Structure formats: structure tokens, C-alpha cells
Amino acid sequence: MAEDRSERVSWSEKRETRSPPSTFDRDTTRTGVDPRERFDREWPDCWADAAALLEWTEPYDELLDDDDAPFYRWFVGGRLNAAENCIDRHLEAGRKTQVALRWEGKRDEQRTYTYHDLHREVTAVAAGLRELGVEENDVVTLYLPTLPELPITMLACARIGALHNVVFAGFAPDALLERMSGTDSSALVTCDGAFRDGVAIDQKRKADAAMAELESTIPTIVVDRLGPANETQLGPDQYAYDELVDRFDGADVPPVPRNATDPLFHIHTSGTTGEPQRMTHATGGYLAGTAWTSRTVFDLSPGDTYWCTADLGWVTGHSYVVYGPLARGATVVLAEGSLRYPDRHRPWEIIERNGVEVFYTTPGVIRTFMKWGESFPAAHDRSSLRLLGTVGEPIGPDTWEWYYTHVGDERCPIVDTWWQTETGAVMLSTLPGVDEMKPGAVGPPLPGIDARVVDEDGRELPPGEPGYLTITKPWPSMLSPLESDRYWVLAEYWQQFSDRRADTWRYFTGDRAVVDEDGYVTIIGRADDVVTVGNRRLGTAELEAAITAVDGVTEAAAVAGSTGGDTDLYVFATIEQDRTDRDGLRGAITDAIVSRIGRFAEPAAVVFTPELPETHSGKTMYRVLETIVDDERLEDSEPLRNPEIVGELESLWTTE
Ligand code: WT7
């Protein structure tokens, strides 16, 4: 396979320590007291600090209700509105003319929204949604790419107390349908299409296809992104976004106060079942957690310019494009389309043109920048940058060094932030400008977060011994236990370890990790059957269901691997004995994944094997396949039912 492999992060390696650059002086956490010590001492009252960053319509009377543990409720009795916290209060604080959103579209296209503009449009959309029958607690599915209309509709939902359910625009109609009907959505917001690499691509046809299968009929709002050159026909119960905004321009829609424990949104993530898992975040705890980490980890204060490359279809876009940064009153940069169009200068031009101070991206994106070469960032003024962040998968020491040197000029601390859809906000990270950094290790838990690495029996492991990453104390932005039909999923997460020790509960993250003598955590990878491809978490069960639906395929396993610097998806499959049309089957498998999941999940290779490596209990040994994909040596100790298949797979892999 490809020669230029990206480095693998070895957990057993000793990490080097780097002192934070002394030039970083905008630190909001340096108060003279060690925040971790203080949060430990004052836990859980310490989390009042996070709540204090918000404006409450009604103050809470109980910080943490643990009566029904582990279904904790935060800031009970408190009332607030998330959109008011992200917009209205900034107007009152004299920031009307400050830029809230700066959108970078295709070539030479920019749009700017001040906090005043944002208020106006969000209010108009909120009025429009109400006109279409959306009420408090209803769910609105948003199926939009990176357009300003996406954060605007999210905030419009929040304003009227409706829940948004953002579905990644790259998902296929089937995936949209499942996420729309599973949440009993009352309306859909989509667009005619989008531009990718300068080419107009269709979005509405996918939305229409899903809609045709939906049992009930619901109104659709359509954003016109492609302009008059691409006329779209609106069907019955379809409304033009611009017309709604014009019609309700200047409408008065006061923000609806929500209980802190009321849900703010749904988002789907992948788990070990074939179905996408619906997550719900609660208004108060989530907003407090994202605002607090935006301040503490990303050092965001009002007026700071910030760019996070994440798609809004994933939790990172929710927490660190919309809610956290806007609650802090920052100026948020959004970029449509890919970072290589019109050319590889684009990311650095965006940073230069907007004076981006804090930049947050993924190791995959950084590896792409590395591949392109340092001449691209070097050609641009990056002096505005003062802090860099990374998320989504382990960043290897070499990638870290490249980011530190060629993007941050050794002036900007790097925060390697570990968190998940379920945790809502960053859980593990160094504090910028305060903590030493260790390339390859994410860092210690944030103040107030109690993370432990444990063995199969839930016993804490000493430094250096790999095990399961667990969180042993509740935190404000934890996934909401509000819906009774979700309890079993929560119970599954939480009881994985707790049921063996009745005196304690632990939240099981699904990750394997190791902690060092200084309390710095290195993430080894997922322990469950979930793969991360292009920083998107996909359930192997969901992928494999799509693959085995192909006629002739008997068994399948999907794994992620790094070749050529990007994380790709690889499929291993067994087929019926009389099937000889391997190329045809390969094509059918790829088509099945593209049409059921989306093009972003297209596999880099499909390997046919006589058997999949299995444990004695018949479970696919993903770790064996991952090792093969990464061209690594297998430890002899892997307990396989069919060890002879390993050699065969290795030779199949090299001839692939
Ligand atoms: C999984 C969560 C949270 C936003 C992005 C993905 C992996 C996340 C890191 C990191 C190593 C990381 C973990 C985690 N992950 N951040 N800094 N270093 N691994 O959200 O889809 O819920 O996935 O992403 O495996 O469990 P998600």
C-alpha cells in the first residue's frame, strides 16, 4: 500500500515536555491559584463559575441534583435562553456593531453579520418557524452545509425553545430520513445546493428523496444558495428562506425562557448498534460547559476572532462554532467548501484576511497541510494567531511539531482537546499558557473533571498501564438523561463499570488510554466497535449492515487506517463461494456505503478474505485488521479462534 504513512501514536513512548511559550499572555486562567486544586476542593460548587458566564432569566436554586444518580441534573430551577445568551446580551453590552459571523464562501465571496444583523435574522427566522407551526419542544431537522443560515436557524430554534437536529449535509437520504423520523421532526430546513471546489452540487434532491419516504408531511424551508442560475422548484409545503426572512423582518420574538434541564438540541452519533444514537443536551449545563471551556481552553473573550474548521453537522460545530464562542461574544469565522479550493493558500488567506487569533482543527487537516508543505502558511501573515487547537483523534508528535512550528511560529500554545458528543464540551486538555505541553498526549483532565484509567473490573490502573478511560464525577455538559427511552443507552454507558462496584459509578467513554506520572492522558483509540474516518465517528455495525445488504456478501468488517496521511475506511468482506465477479462486488459495496451513509464514507479499499479474524466467542477482532491496515506487527498474544487467517490476510493486504 501507500508508502508515506502517517505516524501512529505509540502509547508506550515517553513524551517530551514543552513549556508554554512565554509570549502567550492573554491567559484568562492565571489567577494565582491552581484552578485544578481549587475545583477539587470546591467541587461541585466550583461549577458555579461556569454558570456565572451566562445570563439567567431565573437563577437556579440547586447546582447539582444527584437524587437520581447517575441521571444528574444541573442548575435545577434556573431558567435561561441559549439564543439570548449568544446574541441579545451582547447587544445590551454595546457590541451591536461587532462582527458575530464572518462567512467565507467560494472564491472572493464573503458575508459579514454583526451581532445586530444576527439578532435581526435569527428573530425573523424564529417568527417564520412559528408561522409554519413550530412550537416549543418541537424538533426541527437542519440539513445544510456550512452556510450562515445554519447557525442562524439553530439559534432561531433555540430562541423559541424548539430543538434543532442538525444532520450532516453529506449524509445520504436514507441517513437523513432515519434521523428525521427518529426525532419526530416538525419541520426541515435545507438548501437548493452548495458549492464544492467551485462546482454547484445538489442538496435539495437528497432532501426531497428523504421527504418522499417520511410518513407525515412537514413543511420545508429552502435556502437559496445557488442563485438564479440554478432555479429550484418549490413543491407544496416548501418555503423560500429569503421570503420568510423578508416577511418577518423586524418581528418581535422574545426569547422563550427554558428550564436549565430542558433539552436544547438532538444530535446523532455512532455507537456499537446499527442505528445512529440520538443524544440530547440540556440547555443550562451544556451552555455553561461550552462557554466555560471556550473561555478556559480557547481563551475566548468578547471580540476575539476565532476559526474552527469543523462541520456544523458534528458536535464540534455545535459546541465550538456556535454555542461556546457566541456565548463568549467572539467573532466566528465559517468557511464553506474545501480548504484546497481555489488553491492551497485558502486556509492561510482566511486566517490573514480575518485576523484569526484562535484556530481549531483536526490532526487529519494538519496532516494534509503538512503534505502540501510549509511554503503555503509561510506565504501569509499569521501574526494574528495566538492559540492553536486540535480535536478528534490522537495527534502524533511529528504532526504536533509541524503545527507548532509552521503554523504557530513557536509562539502559540497548542491545546489538544479530548471530548465526545456525549460529553458536550472539552474534558481533557492543557490550559494554554499555564500547563506544560506534551506532544502526543492530550493532557490532564480540566479542572473539575475526574478522569481515571481503569481495567476490565473498573479498578484504577497505575501510570503506564493502558486501560479504559472513564469519568467518575458528573460534569455540567454531560449528556442529558431527560428522555426515558434513552435511559437504557445511558445505563449501558454508565453501568459498564459501575455495576461491579456499587459504591461508585463511572461514565465509560469507549476509549482506551494510558496516563503518565504527571497525570497526562494519551488516547490509544476506541475500545468499542466504532471507527473514526475523517474525524467522523461511524458505527461499524451501521457500515457493515450496508455492506452485507449487498447480494453475495456474507460477512463484513470496516476499520479505519492511515495511509498517505489521511484516515481512510477499509472494508474486509467474505463472499459466497460461487461468486467470481469480485470487481463487480467491490463496486456494489462502495455504492452501498455511498448511498446508505454518504460519499464521505467511501472506502479506500475492499479486501475479500476467506474468513474474518474472530475471537473464540465469534466477535470480529478489529484490532487484528487495524494492525494489518497500519502495516504493523501483531502481538502474538491475540486470542484468536482462527489465528491462521492472519498470515493470509497479511498477504492479501500486500497484494491489494
Ligand atoms: C471520539 C469522540 C469531540 C469532537 C470530535 C469527535 C476521539 C476526540 C480526541 C483527541 C484523541 C480524540 C475519541 C473520542 N477523540 N478528541 N484530542 N485525541 N482522540 O466527537 O464523534 O463524539 O468522537 O473521538 O476516540 O471518543 P465524537
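Anything mentioned here points back to the structure above.
Definitions and limits used
- Residues numbered from 1 in each chain as written.
- Predicted model: local features only at pLDDT ≥ 70, side-chain atom pairs only at ≥ 80, totals over all residues.
- Heavy atoms only, no water.
- Helix = DSSP H or I, 4+ residues; strand = E, 2+ residues; numbered from the N terminus.
- Rg over C-alpha atoms; globule rule 2.2 N^0.38 Å.
- Buried < 20%, exposed > 50% of the residue type's maximum accessible area, 1.4 Å probe, protein only.
- Contact = heavy atoms within 4.5 Å.
- Areas by Shrake-Rupley, 256 points an atom, 1.4 Å probe, with all protein chains shown as cover.
- Lys, Arg positive; Asp, Glu negative; His and termini not counted.
- Charge placed at Lys NZ, Arg CZ, Asp CG, Glu CD.
- Pairing = 2+ DSSP bridges.
- Axes fitted to C-alpha atoms, helices over the stretch in contact; angles between N-to-C directions.
- Core = buried A, V, L, I, M, F, W, Y, C linked by side-chain atoms within 4.5 Å.
- Arc of directions from axis to C-beta.
- Polar contact = N/O pair within 3.5 Å; in protein donor to acceptor, adjacent residues only side chain to side chain.
- Near = heavy atom within 4 Å.

A. Structural context of the overall build of the protein. On a plain count of helices and strands, the protein comes out with 19 helices and 29 strands. Relative to the globule expectation of 26 Å for 656 residues, the C-alpha radius of gyration of the protein, 24 Å, shows essentially globular dimensions. Principal axes of the C-alpha set define a box for the protein whose edges measure 70 × 60 × 55 Å. Of all 656 residues assigned to the protein, the portion counted as buried reaches 61%. Taking contacts inside the protein between residues at least 6 apart in sequence as the whole, the part at least 24 apart equals 71%. Summed over its atoms, the accessible surface of the protein is roughly 25000 Å², and 44% of this surface lies on carbon and sulfur atoms. Averaged over its 63 positive side-chain charges, the protein has a centre that lies 3 Å from the centre of its 114 negative ones.

B. Structural context of unusual backbone geometry. Cis peptide bonds are those with omega within 30 degrees of zero, and the linkage from Trp43 to Pro44 qualifies with 0 degrees. A positive phi angle, near 50 degrees, is found at Asp197, a position not held by glycine. Mapped onto the elements of the fold, Asp197 is located in the loop between β9 (193–196) and β10 (199–202). Within the chain, Asp237 stands out as a residue other than glycine whose phi angle is a positive 60 degrees.

C. Here's a closer look at the sheet that holds strand β4 (residues 99–104). One open sheet accounts for seven strands, arranged β5-β4-β17-β16-β18-β19-β20; its pairing is mixed. Edge positions in the sheet fall to β5 (110–114) and β20 (414–417), since each of these pairs with one other strand and no more. On average, each strand axis in the sheet is tilted by 15 degrees relative to the strand beside it, whichever way the strands run. In the sheet, strand β16 (residues 305–308) pairs with strand β17 (residues 331–335) via three bridges, with the strands oriented parallel. By the bridge assignment, Tyr306 is partnered in β17 with Val332. Packing of helix α12 (residues 363–372) onto the sheet brings it into contact with β18 (358–361) and β19 (387–391), and relative to β18 it is tilted by some 100 degrees.

D. Quick look at the nonpolar core. By size, the foremost hydrophobic cluster in this structure holds 117 residues, and its most contacted members are Leu118, Leu155 and Tyr323. Looking at this core element by element, the count peaks at eight residues for helix α4 (residues 115–131). Counting 37 residues, the second-largest nonpolar core is a separate cluster that includes Leu177, Val550, Leu569 and Ala573.

E. Summary view of helix α1 (residues 35–42). What α1 keeps buried is the set Pro35, Arg36 and Phe39. All buried residues of α1 project into a common sector of 100 degrees when viewed along the axis, lining one side. Summarising the geometry of α1, the exposed residues directed more than 90 degrees from the buried face are Glu37, Asp40 and Arg41. On the buried face of α1, the contacting elements are α2 (48–51) and α9 (283–296). For α1, the capping residue at the N-terminal end is Asp34, with a side-chain oxygen 2.8 Å from the backbone nitrogen of Arg36.

F. Just α12, in detail. Burial analysis of α12 places eight of its 10 residues in the buried class, the great majority of the element. Along α12, the residues classified as buried are Pro363, Gly364, Val365, Ile366, Arg367, Thr368, Phe369 and Trp372. Of the residues trailing α12, Gly373 is marked for its positive phi of about 110 degrees.

G. Expanded view of the environment of Asp252. As for its placement among the helices and strands, Asp252 is situated in the loop between α8 (241–247) and β13 (258–259). Given a relative accessible area of 70%, Asp252 falls into the exposed group. As a C-alpha pair, Asp252 and Pro151 span 101 residues in sequence and 20 Å in three-dimensional space.

H. Structural detail: the site of the ligand. Around the ligand lies a shell of 17 residues, among which Asp416, Thr417, Thr421, Arg526 and Arg537 are the nearest. A distance of 3.4 Å is found between a nitrogen atom of the ligand and a backbone nitrogen or oxygen belonging to Glu393. Within the contact set of the ligand, an oxygen atom lies 2.5 Å away from a side-chain nitrogen or oxygen of Thr421. Starting from 550 Å² of accessible surface for the ligand in isolation, the protein chains cover 94%. Listing elements by their share of the shell around the ligand, those giving two or more residues are α10 (315–327), β20 and β24 (521–526).

Read these as layout, nothing more, since geometry by itself doesn't imply function.
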